Amino acid sequence: MNALAEARRILAAAERVVAVTGAGLSAESGIPTFRGPEGLWRQYRPEQLATPEAFTGDPLLVWEWYYWRRERISQCVPNPGHIALAEFEARQGPNGFTVVTQNVDGLHGSAGSRQVLAIHGDIWITRCTCCSYQFRDRKMDGTFVPLCPECEAPLRPGVVWFGEDLPHLVWDGAVRAVNRAQVLLVIGTSSVVYPAAGLTGLAKNQNTRVIEINLVPTPASPLADIVLTGQSGVILPELLKK
Ligand code: BV8
């Protein structure tokens with residue numbers, strides 16, 4: 001039996017499935033990945049932009065990068081990979097399928113997925129650096145650092161930077177979902193950013209079957225029961241079709 005057929009057989013028998021997704025899933029929607037040849041990080045290093053220190057040091061540079069990314073994302077739509085995941089969720093029923101995404105682009109929600117845990121936050125949220133003020137923000141350009149209307153402190157993108165804790169309730173939900181899952185799909189992620197990358201090891205320690213979808217081998221590949229090599233937008237519709 002080939003790898004895809006075996007993966008379909010395993011999924012057909014699974015009551016609860018979790019998918020961990022990364023920038024590779026959105027690549028076919030036109031959103032550059034972080035560490036690929038055309039990656040978002042190519043002209044910058046992560047510590048230059050996605051850290052609290054970078055924001056303190058040059059908040060306008062960080063905002064300009066996020067405005068640029070919002071602009072890019074606003075021109076992108078979910079691809080067949082996102083849609084296949086949303087349709088699979090509808091067929092799995094309540095608590096049958098959870099997406100744990102590192103992506104901040106919101107494309108899973110646009111594709112119709114409802115059980116989505118955005119562990120690295122949401123690029124379309126702007127929040128205060130000091131008080132609890134936050135709002136859904138469609139602003140995609142700016143020449144100054146926005147200030148909080150409540151307390152006048154600088155506003156920041158509602159994403160999780162390196163060195164920052166993940167939102168506890170969301171992260172706890174992701175761990176609980178993996179603990180209950182019979183199958184973990186690891187889709188389009190380089191599996192180098194923790195603690196997200198640790199979910200694969202958590203799954204393996206409890207005999208959850210792991211299926212990885214990527215263009216190239218990653219640190220998760222040796223842990224996977226099945227590795228499906230190729231574009232997630234091509235593989236997922238085949239893997240998850242009725
Ligand atoms: C934290 C911000 C404490 C939003 C991002 C061990 C334990 C805990 C922490 C650490 C640890 N070791 C190191 C750390 C610190 C650090 C870390 O992991 N550093 C790394 C670099 C070593 N982690 C942290 O600081 C985290 N916070 O740990 O707090 C804590 C501890 C325990 C529990 C809770 C809290 C915070 C990490 C979050 C950082 N923020 N983004 C934004 O601006 O977007 S990370 C950034 O990288 C994005 O979120 C992105 O999603 C993420 C991961 O990247 P990928 O999604 O994998 O994207 P990448 O480009 O790397 O790879 C794309 C893949 O797709 C490739 O494999 C490619 O082959 C593939 N691909 C491409 N095209 C396709 C494809 N596959 C299929 N089809 C295609 N078409």
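Because the structure is a prediction, the values reported are computed rather than measured. (Residues numbered from 1 in each chain as written. Predicted model: local features only at pLDDT ≥ 70, side-chain atom pairs only at ≥ 80, totals over all residues. Heavy atoms only, no water.)

**Q** Any details on empty space enclosed by the protein? Residues and values, ideally.
**A** Gaps left between atoms show up when a probe the size of a water molecule is rolled over them. Per the counting criterion, the structure on display carries 2 cavities of 30 Å³ or more. When its volume is computed, the largest cavity comes out at roughly 50 Å³. Residue lining of the largest cavity: Val20, Gln102, Val186, Thr189, Ser191, Ala196, Ala197, Leu199 and Thr200, and that is the complete set. Of the residues assigned to the lining of the largest cavity, the class counts are 5 nonpolar, 4 polar and no charged. In this structure, the second largest cavity encloses a volume near 30 Å³. Lining of the second largest cavity is provided by Arg16, Val17, Val18, Asn95, Thr98, Ala177, Arg180 and Ala181. Those elements that provide at least two residues to the lining of the second largest cavity are strand S1 (17-21) and helix H8 (168-180). Of the residues belonging to the lining of the second largest cavity, the class tally is 4 nonpolar, 2 polar and 2 charged. (1 Å grid on protein atoms, 1.4 Å probe; cavity = no way out; pocket = protein on both sides within 12 Å on 5 of 7 lines; lining within 4 Å. Points joined across faces, edges and corners; volume = space filled by probe spheres on them. Nonpolar A, V, L, I, M, F, W, Y, C, P; charged D, E, K, R; others polar. Helix = DSSP H or I, 4+ residues; strand = E, 2+ residues; numbered from the N terminus.)

**Q** Kindly report on the packing of helix H6 (residues 80-92) against helix H10 (residues 232-240), identifying the contributing residues and their values.
**A** With their axes 7 Å apart at the nearest point, H6 and H10 run at an angle of 25° to one another. By the angle between their axes, H6 is roughly parallel relative to H10. The element H6 and its partner H10 pack so that their crossing is left-handed. Mapping the contact onto sequence places Pro80, Gly81, Ala84, Leu85, Phe88 and Arg91 in H6 and Ser232, Gly233, Leu236, Pro237 and Leu240 in H10. Classifying every residue of the contact of H6 with H10 by side-chain character gives 7 nonpolar, 3 polar and 1 charged. (Axes fitted to C-alpha atoms, helices over the stretch in contact; angles between N-to-C directions. Parallel < 35°, antiparallel > 145°, perpendicular 65-115°, else oblique. Left-handed = near helix turned anticlockwise from the far one by under 90°. Contact = heavy atoms within 4.5 Å.)

**Q** Describe the packing of helix H1 (residues 3-12) against H10, and please don't skip the residues or the numbers.
**A** For any two helices packed against each other, one specifies the inter-axial angle together with the distance between the axes. Two elements in contact, H1 and H10, have axes whose closest approach is 9 Å; the angle formed by their N-to-C orientations is 55°. Looking at the two axes, H1 sits oblique to H10. Seen along the crossing, H1 lies across H10 with a hand that is right-handed. Seen from H1, the contacting residues are Leu4, Ala7, Arg8 and Leu11; seen from H10, they are Ile235, Glu238, Leu239 and Leu240. A breakdown of the residues in the contact of H1 with H10 according to their chemical character gives 6 nonpolar, no polar and 2 charged.

**Q** Residue-level account of the pattern of salt bridges, with values.
**A** Taken as a whole and judged by the stated rule, the model has 8 salt bridges. Several salt bridges converge on common partners, so that one network encompasses Lys204, Arg209 and Asp225. (Salt bridge = Lys/Arg side-chain N within 4 Å of Asp/Glu carboxyl O.)

**Q** An account of the layout of surface pockets is requested, with residue identities and associated values reported.
**A** When its volume is computed, the largest pocket comes out at roughly 950 Å³. Forming the boundary of the largest pocket are 49 residues, of which Gly22, Ala23, Phe34, Arg35 and Asn103 lie nearest the centre. At the level of elements, helix H2 (23-27), helix H5 (59-74) and strand S8 (209-214) are the ones that each hand at least two residues to the lining of the largest pocket. Sort the elements by how many residues they give to the lining of the largest pocket and H5 lands first, with 6 residues. Quantified by volume, the second largest pocket comes out at close to 240 Å³. Around the second largest pocket, the lining residues are Ala118, Gly121, Ile125, Arg127, Gln134, Gly158, Val159, Val160, Glu164, Asp165, Pro167 and Val170. Of all elements in the fold, only strand S4 (121-128) and strand S6 (155-159) reach the threshold of two or more residues within the lining of the second largest pocket. Of all the elements, S4 adds the most residues to the lining of the second largest pocket, at 3 residues. When the residues that make up the lining of the second largest pocket are grouped by side-chain class, the tally is 6 nonpolar, 3 polar and 3 charged.

**Q** Please provide a residue-by-residue account of the site of the ligand, values included.
**A** The environment of the ligand is made up of 36 residues, and the closest members are Arg35, Tyr66, Gly163, Ser190 and Asn214. One of the side-chain N or O atoms of Arg69 is found 2.7 Å from an oxygen atom in the ligand. Taking Gln102, its main chain carries an N or O atom lying 3.1 Å from an oxygen atom of the ligand. Taking 1,500 Å² as the accessible area of the ligand by itself, protein coverage stands at 77%. More than half of the atoms belonging to the ligand lie within 2 Å of the grid points that define the largest pocket. (Near = heavy atom within 4 Å. Polar contact = N/O pair within 3.5 Å; in protein donor to acceptor, adjacent residues only side chain to side chain. Areas by Shrake-Rupley, 256 points an atom, 1.4 Å probe, with all protein chains shown as cover. Sits in = over half its atoms within 2 Å of the grid points.)

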